[in-house]
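Each chain, written out:
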Amino acid sequence: MAIVRTPGALDALVDILHSNVLNMHEDAALVVNNCAAFSEEVCMTIVQCPGMITSLKKLAISGSFGAKCVAVGALNCLSRCREAKVSLTNKRVVEDALVPVLQETGTGDKYEARKVRAAMAVANLTGRCDPQHVNEYAALPAMVRVLGYALDGRSWAGIHLSAYSVLYPLSHLAEEASNRPQLIDSGLVELLVRSVDRWSAGIRTGRSALDLLCDARS
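Residues numbered from 1 in each chain as written. Predicted model: local features only at pLDDT ≥ 70, side-chain atom pairs only at ≥ 80, totals over all residues. Heavy atoms only, no water.

A. The arrangement of the layout of surface pockets in detail. One number sums up the size of the largest pocket: a volume of about 690 Å³. N33, A37, I159, H160 and L161 are, among the 31 residues lining the largest pocket, the residues nearest its centre. A per-class count over the lining of the largest pocket returns 14 nonpolar, 11 polar and six charged. (1 Å grid on protein atoms, 1.4 Å probe; cavity = no way out; pocket = protein on both sides within 12 Å on 5 of 7 lines; lining within 4 Å. Points joined across faces, edges and corners; volume = space filled by probe spheres on them. Nonpolar A, V, L, I, M, F, W, Y, C, P; charged D, E, K, R; others polar.)

Below, the structure is given as structure tokens:
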């Protein structure tokens, strides 16, 4: 919060993201990612900073490999803020950045981690993850698998995701009846039971894991 509220700090980050100093892009985006991930209160300030979302969108599709990953992560963190949803939607984050990421081809854990976080952000912003967006990418099973990593406290591609950050987009997807068979087949019910069993005050959700479980079973 101190970083975001310091006059000129966000503007300086945007300047770095716009600069030709390519080896600083990833670090600057990581500052934004971490601020958004750990303090939802500042997400609107980040989104409203002139040039910030435009910079992250551009980086997500045309930056270096590492910068792309971090930029998508930052957009995913911002997408969990309900107040920021309208602004991110108006700025065409889904169409201009997330869908192109989902349509990329590649291999490796870091590549897949970028696509999963893009799919989660799409779910947060639109309430769905349409097959035509993901180019036959199995986004739903991947999210369920990542939830398992989060519950185990495992790092995936160098990323530590909280269970909440995965449960939140899954809550949107579970509301769509057509998604439920695939979510159940991917093992979501068992992971939701684990989520309920290990529930703690440190995991914040708009809807409880028990609500998700009911959605999945119905």
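B. Spotlight on the side chain of N33. One can find N33 in helix α3 (residues 25-38). The exposure class of N33 is buried, given its relative accessible area of 10%. For N33, the side chain forms a polar contact with the main-chain nitrogen of A74, separated by 3.1 Å. Not counting residues within four places of it along the chain, the set of residues in contact with N33 comprises V70, G73, A74 and C77. (Helix = DSSP H or I, 4+ residues; strand = E, 2+ residues; numbered from the N terminus. Buried < 20%, exposed > 50% of the residue type's maximum accessible area, 1.4 Å probe, protein only. Polar contact = N/O pair within 3.5 Å; in protein donor to acceptor, adjacent residues only side chain to side chain. Contact = heavy atoms within 4.5 Å.)

C. Representation of empty space enclosed by the protein within the structure. Scanning all chains against the criterion turns up one cavity of 30 Å³ or more. Reported here for the largest cavity is a volume of approximately 30 Å³. Contributing to the lining of the largest cavity are V146, Y149, A150, R154, W156, I159, H160 and L161. When the residues that make up the lining of the largest cavity are grouped by side-chain class, the tally is six nonpolar, one polar and one charged.

D. The arrangement of unusual backbone geometry in detail. A positive phi angle, near 55°, is found at R92, a position not held by glycine. Look at R92 and you get partly exposed, because its relative accessible area is 41%. Here the phi dihedral of A157 falls at roughly 55°; this positive angle occurs in a residue that is not glycine. For A157, the location among the structural elements is in the loop between α11 (139-152) and α12 (163-174).

E. Layout of helix α2 (residues 9-18). Every buried residue belonging to α2 is among A9, L10, L13, V14 and L17, and all of these are buried. The arc enclosing the buried residues of α2, seen along the axis, measures out at 140°, which places them on a common side. Elements in contact with the buried residues of α2: α1 (2-5), α3, α4 (43-48) and α5 (52-62). (Arc of directions from axis to C-beta.)

F. Looking closely at the packing of aromatic side chains. One pass over the full model with this rule turns up two aromatic pairs. With a centroid separation of 5.7 Å and an interplanar angle of 50°, the aromatic rings of Y149 and W156 are classed as tilted. For Y149, a relative accessible area of 16% puts it in the buried group. Judged by its relative accessible area of 8%, W156 is buried. With a centroid separation of 5.8 Å and 40° between ring planes, the pair formed by Y164 and Y168 is classed as tilted. Linking Y164 with Y168, this pair stays in helix α12, spanning four residues, or about one helical turn. Judged by relative accessible area, Y164 falls into the buried class, the value being 12%. (Phe/Tyr/Trp six-rings, centres within 6.5 Å; stacked < 30°, edge-to-face > 60°.)

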